[in-house]
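# Architecture at a glance
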Amino acid sequence: MKTTHFDPRTPIDESCFAHDIVQQRDAIPFLDLQRQTETLRPSIEKSVDAVIRSAAFIGGPHVDKFEIDFAAYCETKYCIGVGSGTDALFLVLKALGVGLGDEVITVPNTFVATAATVVHTGASVVFVGIDPETSCISLGEIEAAITPRTKAIIPVHLFGHPCDMQPIMDLAERHRLFVLEDAAQAHGATYAGRKVGSLGHAAAFSFYPGKNLGAYGDGGAITTSDKALASKIRKLRDHGRIDKYVHEQFGFNSRLDALQAAVLSVKLRHLDSWNARRREVAARYDSLLSGIADLTLPKHAENAEPVWHLYSVRTPRRAALQAALDDAEISYGMHYPVPLHLQPAWSSLTGQPISKGVFPVVERHASQLLSLPMHESIRNDEVDTVARVVRSVFN
Ligand SMILES: *Cc1c(COP(=O)(O)O)cnc(C)c1O
């Protein structure tokens, strides 16, 4: 199958109707969840079976256990499991009271959820530019964008690379702003020796199956060490419930279910070794692909230890690179080819035409980036094949 865009929503296990749907697989897939599952199957089955036996499907001991373990992993006091990474972002903003008339600063080079959740609170999204090296939010541009209406900043640890958080937190403190980490791509990454998820006032994680820590369906979590905030979010995710039949406020239904928690608890034990393998793969790509004039490799900051959710290169010759990868049946992704400030959703929302040229670095990156196969189960010979095909384009 020739894939241009990796679509993680493609069904990955069709064994129950294998007689009529035979999934074509690329020679080298972008992500291989089947390989991962094979090594875990006995422990996952045991864990899932325990949930089924207990019949505690919403809340209960499996969710509690995962929340405690994930908070400890992220070096925070609290973790609240929710329905998705999108819900995690939204619920933090709601718990902070962000709404109509407020402004939230974030970047346009991210998954749509980062900005969509702000829109759904009624607040305005204020986009700022990025650091051309790390693709993370630019400190100088945050400072320039702050107004009396600014309520929060959402730095995105894009591709698993932690943002430069200390100066952001200092700035936020001076202006009394909340910092919500979008950590959906960065489970386990560290910044100045501290875990992502513990760096801002709160953080949103996604357990979408393709993330570094992925469930077998949708899931998400919020980490924070702020007790009052944690307690607000806990209520908001469960209809504002404070007691049986008693609702302190109108909330939402967004709970991590026990089956997903059971899967995540098993996988959490492997996360560090999977991230270590991703670092090896990134280092291998780095050494095999270095020294190509027209190819920019992902860089990381000195004080950051990324977890390589994606290995995204940039080249002005992307079309040629795509053609070569297609020919070799190597699948790849693009994160993200349409920056958020250029999304048609804005024109439907505001009636404003899309304004091109406002974020030249973001727009240039969007037209040049391409994510190579990256996951913990990829073999060295596959990495070598990908690198050989990439190199062939530039010779
Ligand atoms: C995946 C992702 C989200 C949303 O998570 P879901 O679990 O899919 O709702 C938000 N932000 C970023 C940067 C993401 O990569």
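Relevant structure appears above.
What comes next is a walk through the structure.

Definitions and cut-offs
Residues numbered from 1 in each chain as written. Predicted model: local features only at pLDDT ≥ 70, side-chain atom pairs only at ≥ 80, totals over all residues. Heavy atoms only, no water. Axes fitted to C-alpha atoms, helices over the stretch in contact; angles between N-to-C directions. Helix = DSSP H or I, 4+ residues; strand = E, 2+ residues; numbered from the N terminus. Parallel < 35°, antiparallel > 145°, perpendicular 65-115°, else oblique. Left-handed = near helix turned anticlockwise from the far one by under 90°. Contact = heavy atoms within 4.5 Å. Nonpolar A, V, L, I, M, F, W, Y, C, P; charged D, E, K, R; others polar. Pairing = 2+ DSSP bridges. Near = heavy atom within 4 Å. Polar contact = N/O pair within 3.5 Å; in protein donor to acceptor, adjacent residues only side chain to side chain. Expected span 1.5 Å × (residues − 1). 1 Å grid on protein atoms, 1.4 Å probe; cavity = no way out; pocket = protein on both sides within 12 Å on 5 of 7 lines; lining within 4 Å. Points joined across faces, edges and corners; volume = space filled by probe spheres on them. Core = buried A, V, L, I, M, F, W, Y, C linked by side-chain atoms within 4.5 Å. Buried < 20%, exposed > 50% of the residue type's maximum accessible area, 1.4 Å probe, protein only. Salt bridge = Lys/Arg side-chain N within 4 Å of Asp/Glu carboxyl O.

## Quick word on the packing of helix 2 (residues 61–73) against helix 8 (residues 258–268)
At a closest axis distance of 8 Å, the pairing of helix 2 and helix 8 adopts a crossing angle of 40 degrees. What the angle tells us is that helix 2 and helix 8 run oblique. For the crossing formed where helix 2 meets helix 8, the hand is left-handed. Contact residues: H62, V63, F66, D69, F70 and Y73 in helix 2; A258, A261, A262, L264, S265 and L268 in helix 8. For the contact of helix 2 with helix 8, the class distribution of residues is nine nonpolar, two polar and one charged.

## Quick word on the sheet that holds strand 7 (residues 194–195)
One open sheet accounts for three strands, arranged 7-6-12; its pairing is antiparallel. Edge positions in the sheet fall to strand 7 and strand 12 (304–305), since each of these pairs with one other strand and no more. In this structure, strand 6 (residues 190–191) lies alongside strand 7, joined through two bridges in antiparallel fashion. Within strand 7, the position partnered with T190 by the bridge is K195.

## Regarding the site of the ligand
Taken together, the neighbourhood of the ligand is formed by 15 residues, with G85, T86, D182, S206 and K211 sitting nearest. In the environment of the ligand, an oxygen atom lies 2.8 Å from a nitrogen or oxygen atom belonging to the backbone of G85. Measuring from an oxygen atom of the ligand, one finds a side-chain N or O atom of K211 at 3.0 Å. For the shell around the ligand, the secondary structure elements donating two or more residues are helix 3 (85–95) and helix 4 (113–121). Here the shell around the ligand is built from residues that sort into five nonpolar, eight polar and two charged.

## Section: helix 9 (residues 271–289)
Between the first and last C-alpha of helix 9 there are 27 Å, a value that for 19 residues agrees with the 27 Å anticipated at 1.5 Å per step. Structurally, helix 9 contributes buried residues whose contacts are with helix 1 (33–54), helix 2, helix 8, strand 13 (311–314), strand 14 (369–372) and helix 13 (380–394). G291 lies just past helix 9 and shows a positive phi near 80 degrees.

## Focus: the sheet that holds strand 3 (residues 124–127)
Taken together, seven strands build an open sheet; the order of strands is 1-9-8-5-4-2-3 and the sheet is mixed. For this open sheet the edge positions go to strand 1 (78–82) and strand 3, each flanked by a neighbour on one side alone. Recorded for the sheet is a direction-independent mean angle of 25 degrees between the axes of neighbouring strands. In this sheet, strand 5 (residues 178–182) lies alongside strand 4 (residues 150–153) in parallel orientation, the contact comprising two bridges.

## Thoughts on empty space enclosed by the protein
For the structure on display, the rule yields two cavities of 30 Å³ or more. Lining the largest cavity are 24 residues, and of these T134, S135, L158, F159 and S312 sit closest to its centre. Every element with two or more residues in the lining of the largest cavity is listed here: strand 13 and helix 12 (360–368). For the lining of the largest cavity, the per-class residue count stands at 13 nonpolar, eight polar and three charged. Approximately 40 Å³ is the volume attributed to the second largest cavity.

## Topic: the nonpolar core
Counting residues in hydrophobic clusters, the biggest one holds 87 residues, and the most contacted among them are F66, F70, I137, I142, F207 and I222. At seven residues, helix 3 tops the list of elements feeding residues into this core.

## Some words on the pattern of salt bridges
Within the structure shown, the criterion is met by 19 salt bridges. Salt-bridge contacts for R277 lead to E280; the nearest nitrogen and oxygen are separated by 2.7 Å. With a gap of three residues between them, R277 and E280 both fall in helix 9, about one helical turn apart. Take R277: its relative accessible area is 16%, and that puts it in the buried class. A network of salt bridges, in which partner residues are shared, links D32, R35, R379, D381 and E382.

## Side note on helix 7 (residues 227–236)
Residues of helix 7 that are buried include every one of L229, A230, I233, K235 and L236, and no others. If you follow the buried residues of helix 7, they end up packed against strand 1, helix 3, strand 8 (202–206), strand 9 (220–224) and strand 10 (241–243). By the N-cap criterion, in which a side-chain oxygen at the helix start approaches the backbone nitrogen of a residue two or three places on, helix 7 is capped by D226, the distance to A228 being 3.1 Å.

## Considerations on the side chain of T76
Structurally, the position occupied by T76 is in the loop between helix 2 and strand 1. Take T76: its relative accessible area is 11%, and that puts it in the buried class. Discounting residues that sit within four places of it in the chain, T76 has contacts with A71, G197, S198, T223, T224 and S225.

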